[in-house]
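Topology and contacts: notes
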Amino acid sequence: MRRVDHRGAEDRSVPQARRRALPGAAGSLAVVLAFGALFLAHASDPPGLVFDETHYVPAARALAHLTDDLNWEHPPLAKWILGLGGRLLSEQLPLVSQPAVYRLITAAFGLWALLSVGAFLRDLGFEGWASQVAVWLTGLNFLWFVQSRTAMLDAFSVAFALAGLRRVRRGGPGAEPWVGWAALGLAMACKWSAAPFEVLALLWARGPAWRRAAGVGVAALAYAAPFLPLALLSHHATPVTGIAQYQLRMLQGFGRVSLEAHPYASRPWEWPTLYRPAWYHFEPTAGGERYVWAGGNPLLYACALPATGWIAVRALRRGARAEERAIALLYWAPMLFWTAVPRAEIYYYFLPSSLWLGPAVVWAALHLCGRRRGVARAGLGVLAVGCAALFLWFTPIFDGRLEPPGTYARYMWTTRWR
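The present account deals with the structure reproduced in this document. (Residues numbered from 1 in each chain as written. Predicted model: local features only at pLDDT ≥ 70, side-chain atom pairs only at ≥ 80, totals over all residues. Heavy atoms only, no water.)

Quick word on the overall build of the chain
For the record, the criterion: Numbering of helices and strands runs from the N terminus, with a helix taken as a DSSP run of H or I at least four residues long and a strand as a DSSP run of E at least two residues long. In this description the radius of gyration comes from C-alpha coordinates, and the expected globular size is given by 2.2 Å times residues to the power 0.38. Here's how the labels work: a residue is buried when its accessible area is under 20% of the maximum for its type, exposed when over 50%, partly exposed in between, all with a 1.4 Å probe on protein chains only. The protein chains shown are the only cover counted for residues, whose accessible areas, like all others here, come from Shrake-Rupley with a 1.4 Å probe. Asp and Glu count as negative and Lys and Arg as positive, but His and the ends of the chain are not part of the count. For charged residues, the charge sits on one atom: NZ in Lys, CZ in Arg, CG in Asp, CD in Glu.
Per the secondary structure count, the chain includes 16 helices and five strands. In terms of overall dimensions, the chain is globule-like: its C-alpha atoms have a radius of gyration of 22 Å, near the 22 Å expected for 418 residues. Overall size of the chain, expressed as C-alpha extent along the three principal axes, is 70 × 55 × 45 Å. Split into buried and exposed, the 418 residues of the chain put 54% on the buried side. Surface exposure of the chain reaches about 18,400 Å², of which carbon and sulfur atoms provide 65%. Here the chain carries 40 positive and 24 negative side-chain charges, and the mean point of each set is 10 Å from the other.

Right, here's the structure in full:
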């Protein structure tokens, strides 16, 4: 009887679980459709490469054609994905023009990272509506949108890192944690800025020390795999035996790059305060001007600055809740990583941390309102609408569309934004 009753209860719980999953799936689909449409609308604008696309896209093309290793300062995986994806979709199957194809591939990984934020929050116990609001606030943050439509390496690294870290944290006896460790290795194979997530994985991994060590081994193998095809290049090939030396070369190259003289160099404290955003592109033409400006949603940042500080204080308390510590670490670990690096940086380095501004604000609202969930819903709804209005108003300087001369001036609220 016990077995029958248990099975019956389990059977009854399946439809309930499916009903709970439907709103989350519908919300995720709405996010993908809304931001996907915005990415598609102006993927070909500007018509030329902008900002660091000028480094990564030629390097990706060269790798895809096995001709050369042009951008050896960074690991190759994201460039392999960009190059092979562009070769398939734009050259062999002329479905998307260049450079739009590279931006849309990057956008797909940006959307993956955004959806991983929501999945992470559901794992931490956030209600479905709260996780959805956090995802929308994250998407309405200007930096995520601009970085996700620019063919650079960061969206790839963050997407692999969040997906991997989530699986490692969930643990379990099956393959999921090992897949997570492999994804973390692939994140590092896109860009070394994924290092803070590797540290968090060591902190959050479940099980004995040997499982952590084995996980690191899986990550190392996954990291090394994208270097193997470099042996096939016709110029500047790297044999399998030279992969270790390649790492030292990248480290030396990183140390040689100085951003001190860059017009948009900044320090970590200037990112959450919106003190020094960055211009990616400014192009005067005969028909008008094209802009790509990476900033932040002022309304979201105004709420997030106290929220991230508050959650950090709460996370340091004895007996802090798991969700408090998780969000605090996901925000502050990348920030502390870049603070410890003794060099100037640029605003887009804030991308991994900026994904947790929305969740921190949602957490703060829920904590302030306590059991008054209706008040929290209303307040967060008003905030999301306000952030959406600002996002849409600023959109002309995000996506490189042609605008009348001088349009950018109305959006430059401070001289430091210019």
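Some remarks on helix α5 (residues 128-139)
For clarity, the cut-off: Helix span is expected to be 1.5 Å times the residue number reduced by one.
With twelve residues, α5 should reach 16 Å at 1.5 Å per residue; the first-to-last C-alpha distance of 17 Å fits that figure. Counting buried positions over the twelve residues of α5 gives ten, a clear majority of the element. Burial in α5 covers these residues: Trp129, Ala130, Ser131, Gln132, Val133, Ala134, Val135, Leu137, Thr138 and Gly139.

A short note on the packing of aromatic side chains
Here is the rule: Ring pairs shown here join Phe, Tyr and Trp side chains whose ring centres sit within 6.5 Å, with only the six-membered ring taken for Trp; geometry is labelled stacked below 30 degrees between planes, edge-to-face above 60, and tilted in between.
Under the definition given, this model contains 46 aromatic pairs. Where phenylalanine 142 meets phenylalanine 398, the ring centres are 4.7 Å apart and the plane angle is 55°; that geometry is what we call tilted. Here phenylalanine 142 is found in helix α6 (residues 142-148), whereas its partner phenylalanine 398 is found in the loop between α16 (373-394) and β5 (402-403), with 256 residues between them in sequence. Each member of the pair, phenylalanine 142 as well as phenylalanine 398, carries the same accessibility label: buried. Between tryptophan 271 and phenylalanine 350, the ring centres sit 6.1 Å apart and the planes meet at 40°, which makes this aromatic pair tilted. Of the two residues, tryptophan 271 sits in the loop between β1 (265-266) and β2 (278-285) while phenylalanine 350 sits in the loop between β4 (345-346) and α14 (351-354), which places them 79 residues apart along the sequence.

A word on the pattern of salt bridges
The following threshold applies: By convention in these notes, a salt bridge is any Lys or Arg side-chain nitrogen within 4 Å of a carboxyl oxygen on Asp or Glu.
Under the counting rule described, the total for this entry stands at twelve salt bridges. As a salt-bridge pair, lysine 191 and aspartate 154 come within 3.0 Å of each other at their nearest N and O atoms. Of the two residues, lysine 191 is situated in the loop between α8 (176-190) and α9 (195-204) and aspartate 154 in helix α7 (residues 154-170); the sequence distance between them amounts to 37 residues. Taken as a pair, lysine 191 and aspartate 154 share a single burial class, namely buried.

Notes on the pairing of strand β3 (residues 288-294)
The cut-off we apply is this: Strand pairing is defined by DSSP finding a minimum of two bridges between the two strands.
When you tally the buried positions in β3, you get seven out of seven residues, the bulk of the element. The loop that links β2 with its antiparallel partner β3 comprises two residues.

Considerations on the environment of glutamate 176
We count it as follows: Working rule for contacts: check all heavy atoms of both residues, and any pair within 4.5 Å makes them a contact. Throughout this description, a polar contact denotes any pair of N or O atoms lying within 3.5 Å of each other; where both atoms belong to protein, one of them has to be capable of donating a hydrogen while the other can accept it, and for residues adjacent in sequence the pair is counted only when both atoms sit in side chains.
Among the secondary structure elements, glutamate 176 is positioned in helix α8. Not counting chain neighbours up to four residues away, the residues in contact with glutamate 176 comprise Arg167, Arg170 and Gly171. Only 3.2 Å separates the side chain of glutamate 176 from the side chain of arginine 170, close enough to count as a polar contact.

So, the environment of tryptophan 181
Mapped onto the elements of the fold, tryptophan 181 is located in helix α8. Taking C-alpha positions, tryptophan 181 is 21 Å from tryptophan 332, a pair spaced 151 residues apart along the chain.

Quick look at helix α15 (residues 357-369)
Compared with the 18 Å implied by 1.5 Å per residue over 13 residues, the 18 Å span of α15 between its first and last C-alpha is a close match. Those residues of α15 that sit buried are Leu357, Gly358, Pro359, Ala360, Val361, Val362, Trp363, Ala364, Ala365, Leu366 and Cys369. Residues of α15 that are buried sit in contact with α4 (100-123), α5, α12 (298-315), α13 (322-340), α14 and α16. Two residues or fewer past α15, glycine 370 is found with a positive phi of approximately 60°.

Some details on the side chain of asparagine 297
Residue position: asparagine 297 is located in the loop between β3 and α12. Look at asparagine 297 and you get buried, because its relative accessible area is 0%. One polar contact links the side chain of asparagine 297 to the main-chain carbonyl oxygen of cysteine 387, over a distance of 3.0 Å. If sequence neighbours within four positions are ignored, asparagine 297 has contacts with Leu140, Asn141, Phe142, Leu274, Cys387, Leu390 and Phe391.

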